[in-house]
Amino acid sequence: MCGIAGISRQDELGVSLDQLGRMAAAIRHRGPDGYGFYTGPRVGLAHVRLSIIDIASGAQPMTNEDGEIVVTFNGEIFNYRELMAELKGRGHQFRTSSDTEVLVHGWEEWGTGLLDRLNGQWAFALYDGRTQRLMLARDRFGVRPLFYAVNGGTLVFGSEVKALFASGLVVAAPDPVGLDQVFTFWAARPPRTPFLGVSQLEPGSYAIWEKGRLRTHTVFTPSYPEDGVEDPRALEQLDELLSSSTALRLRADVPVGAYLSGGLDSSITACLAAEASPFTLHSFSITFEDPAYDEAVYQNEVAAALGTRHTVRHVRSEDIAAAFPDVIRHTETPLLRTAPVPMYHLARATAEAGIKVVLTGEGADELFLGYDLFKEVQVRLFCLRQPDSRRRPRLFDRLYPWLSAAGRGGDVWRRSFLDASAPDDPLFSHMPRFRAASWVKQFYGDGMAEPLRGVDALAELRDIMPAEHTSWTPFGRAAYLEILTLLSPYLLSSQTDRVGMAHAVESRYPFLDPRLFRFAASLPTSSKLRGLREKRILKRWARGRIPDSVTARTKQPYRAPDAPPFSSAGAPEWVADLMEASALGRSGFFNPAAVSHLMARCRQQQGGPREHQALVAILSTELWYRTFCLTAPAVTALPESGADVVLSSAPQQTAA
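Summarised in this report is the structure supplied together with it.

## Observations regarding the packing of helix α10 (residues 317-331) against helix α11 (residues 340-352)
In the contact formed by α10 and α11, the axes pass within 9 Å of each other and the chain directions differ by 90°. Compared by their axis directions, α10 and α11 come out roughly perpendicular. Contacts from Asp319, Ile320, Ala323, Phe324, Asp326, Val327 and His330 of α10 reach α11 at Pro340, Val341, Pro342, Tyr344 and His345. Residue classes in the contact of α10 with α11 are distributed as 8 nonpolar, 2 polar and 2 charged.

## Re the pattern of salt bridges
Tallied over the full model, the rule gives 48 salt bridges. Across the pair Lys535 and Asp365 runs a salt bridge whose closest N-O atoms are separated by 2.9 Å. Placement of Lys535 in the loop between β19 (533-534) and α21 (536-542) and of Asp365 in helix α12 (residues 364-368) is noted, with a sequence separation of 170 residues between them. Its relative accessible area of 2% is what places Lys535 among the buried residues. The network of salt bridges with shared partners includes Arg30, Arg144, Glu160, Lys162, Glu332, Asp497 and Arg498.

## Some points on unusual backbone geometry
Going from Gln60 to Pro61, the amide bond is cis rather than trans, its omega being 0°. Along the chain, Pro61 turns up in the loop between β3 (43-49) and β4 (62-63). With an omega of 10°, the peptide bond running from Pro190 to Pro191 counts as cis. Within the element layout of this structure, Pro191 appears in the loop between α6 (176-185) and β10 (199-200). Phi is positive for Trp186, which is not a glycine, with a value near 85°. Looking at the secondary structure, you find Trp186 in the loop between α6 and β10.

Rules of the game
Residues numbered from 1 in each chain as written. Predicted model: local features only at pLDDT ≥ 70, side-chain atom pairs only at ≥ 80, totals over all residues. Heavy atoms only, no water. Axes fitted to C-alpha atoms, helices over the stretch in contact; angles between N-to-C directions. Helix = DSSP H or I, 4+ residues; strand = E, 2+ residues; numbered from the N terminus. Parallel < 35°, antiparallel > 145°, perpendicular 65-115°, else oblique. Contact = heavy atoms within 4.5 Å. Nonpolar A, V, L, I, M, F, W, Y, C, P; charged D, E, K, R; others polar. Salt bridge = Lys/Arg side-chain N within 4 Å of Asp/Glu carboxyl O. Buried < 20%, exposed > 50% of the residue type's maximum accessible area, 1.4 Å probe, protein only.

In structure tokens form, the structure reads like this:
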């Protein structure tokens, strides 16, 4: 895991080491173990390294034998040993044992076909001097971020947007359409970002920059060709895939730890890691003061059963408020929830324990229908088959038990699910969530309302649904939307990559192995969800391997206190400063009078979940705006003298 950045020009104007040094310095937290540069007539590449594989000789940027192909790479190729052996068999000479070198030789051998052969998590830039083309690529699920901007005939890119700003070629300005997507889906949907003129490469795609033009291509789109019945060998196949996926993600030249939430997914991951790791597994957990959020009992039970070396980070309300500004600086987006903040504290504890890599359970809920949202779809469809029934809607009361009595129950609450959307709507599964998130839009000021006239984030999403989605089950469509709108842009970005790499901690996801995804997508719904019982095949696999209390418990979503850290008497002074009418008027995003009323209700503990979410959204947006758009922090370039690698190429003729 590392950070990458670069500049590519249409003309042979060169790229200065000072520019590259500033871009690298802006993301140095992603790679504190070293850095390097490549400069050519049209292209400049930068790399900051977190050394995990081939610590001695894996420095980047890295080239092939003749220096014509150069790459800067963020991520891991887990099947690199197998690919390396295949490439050696085809005559390629390797100078290192790094997974990075597989990319340059793989490009020589297969071109863009290389991407289909990779099992991993990646964002990389590869320059081919023979054709003078630059390729940007991002993994199937968007585990690793990659942002870019085109300024005239110049392409600027990096692992984080702050690297683009440090180049001096991109100016930070808000994009109301991108912000509106945040307030609809919890995150801007790629390629959109909250910044005007800044895009993110979509998961499962690559882009070719040539002669001042950028052309993007999709190589992977999730698909759900569900089988009618479960294969008799399904449990055995699942065991093989889980074991193989975990073993691949334990490949490292440093110890690999695991995050342990106390839920089923992280417990399975930790169990497999403990069985396969050559080291005593080091596990890490978050605990909270409020029992509504705390899962310490289950965490401790699993850690004891697996014999892990367990570290706990206790997160208080004041800890969330104190770290919130730094979390927004790292996530580079407004947030509707505070959930990334405790993960930021957990990553810090992990780094302090000397662990650079952790396995986590993300992806299991999307693959095996674990979220309450999927149960909600089940209940909504059941109720809509008899729309006049008064008994059926009471099933909604069994959903979301973690909500307070004031936040759920009653005919109006139940009716909101049934009136959200018709079953033939491509967005049927997610409309209640999208409507709940959009509640913050009633606080819009002129700076949002005017630019958004005629903009409909939901209509745009409906328009890009793949044609084949009509052949999927309602649960396949729901899983697709969950991956498209939440997994990559929010969960894998804000809640794991950004807050983890703030402390140089890399997360790996066994459930996001492409082989495991194909297996899960083909399973019949009943293997994953039957009635209100979620992740059935996973629980069958887990019996006898992790404590029964974990396999038997109902899914509890990971959450953290939202409004209380900012509305209580001990809230930091900057909260009041940002919520003042003058500050709100400066940005123009929100109506000061409406926000003042919202803040008063939250301070009086009168607000419900929607109001708490709105408060976090407004506060984080103002903080985001102040951090990036009102200030331009000076960045001191990383010096050439301290670089592990400094490569350059002489001017070359364009290939015929």
